[in-house]
Amino acid sequence: MSRLVVRLCVRVSQQATARSAVSPRRIPAFIRPVSTSAGLRSLTRYDETTDWQKKLTPEQYVVTREKGTEEPFSGIYLNHSEVGMYHCVCCDAPLFSSEAKYDSGTGWPAFKEAHGTWERDESHASIIRRPDNSLGSTGTEVLCKNCDAHLGHVFEDGPDPTGQRFCINSVALTFKARGNGNPEEN
Ligand SMILES: [Zn+2]
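Keep in mind the model is a prediction, meaning the values are calculated, not measured.

Novice: Describe the sheet that holds strand β9 (residues 173–177), naming the residues involved and giving the relevant values.
Specialist: Taken in spatial order, the 3 strands line up as β2-β1-β9 in an open sheet, and their pairing is antiparallel. A strand with exactly one partner marks an edge of an open sheet, and here the two such strands are β2 (94–97) and β9. If you compare each strand with its neighbour and ignore which way they point, the axes differ by 30 degrees on average. In this structure, strand β1 (residues 84–88) lies alongside β2, joined through 3 bridges in antiparallel fashion. Bridging across to β2, His-87 finds its partner in Pro-94.

Novice: Lay out the sheet that holds strand β3 (residues 101–102) with the relevant residues and their values.
Specialist: Overall, antiparallel pairing links the 6 strands, which are arranged β3-β4-β8-β7-β6-β5 in an open sheet. The sheet is open, and its two borders are formed by β3 and β5 (127–132), each paired with just one other strand. In the sheet, β5 pairs with strand β6 (residues 139–144) via 6 bridges, with the strands oriented antiparallel. Note that in β6 the partner of Ile-127 across the bridge is Cys-144.

Novice: Account for the nonpolar core, with residues named and values stated.
Specialist: Formed by 29 residues in total, the largest nonpolar core has its most connected members in Cys-88, Leu-95, Cys-144, Leu-151, Phe-166 and Ile-168. Those elements giving two or more residues to this core turn out to be β1, β2, β4 (110–111), β6, β7 (150–155) and β8 (165–168). Residues in contact with Cys-88, not counting those within four places in the same chain, are Ala-93, Leu-95, Cys-144, Asn-146, Cys-147 and Ala-149.

Novice: Would you mind going over the pairing of β7 in detail, with residue names and values included?
Specialist: In terms of burial, β7 is a largely internal element, 5 of the 6 residues being buried. Pairing between β6 and β7: 4 bridges, direction antiparallel. Among the inter-strand pairings, Glu-141 is bridged to a residue of β7, identified as His-153. Hairpin remark: β6 followed by β7, antiparallel, with 5 residues in the connecting loop; positive phi at Asp-148, about 65 degrees.

About the thresholds
Residues numbered from 1 in each chain as written. Predicted model: local features only at pLDDT ≥ 70, side-chain atom pairs only at ≥ 80, totals over all residues. Pairing = 2+ DSSP bridges. Helix = DSSP H or I, 4+ residues; strand = E, 2+ residues; numbered from the N terminus. Axes fitted to C-alpha atoms, helices over the stretch in contact; angles between N-to-C directions. Core = buried A, V, L, I, M, F, W, Y, C linked by C-beta atoms within 7 Å. Buried ≥ 20, exposed ≤ 12 C-beta atoms within 10 Å, placed from the backbone. Contact = placed C-beta atoms within 7 Å.

Given below as structure tokens:
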């Protein structure tokens, strides 16, 4: 009997030791340097260690990292008509050219195609599509290929010749006018 008690005590203490060994340790904060060289295709994928809440405004964070949607007719790029490139607000990847922008009348910036698209081949574009059933019916979510930022949705009711309507949140974008910051054009 006494031997059994001793054996039980040993097992309990072994378990306690094992539990303390796997107790959650604090993972040190890890900040990645963000490339500022516009136009370069980064091969570095962002992951959960990127502190988007520090990098983004609350509105940008909700839209891009939590798949939110800005209020219609509220975005700063809805009626924006400058010539240039719309980049990902999170990672700066070039997403949509101003040449593909049009007024869809829906309240969000709309584009006929993603930058880098060649005859509907989006393998060189900076966006990816993902099925999304949260809209009630089956929809297609548009995300940044580089950092998985939620950008908006794409619909099949766009103008010719693509028939595509990329419905994109302004807060997911940052605009760069053509020629700005490009020494080759100075
Ligand atoms: Zn991105």
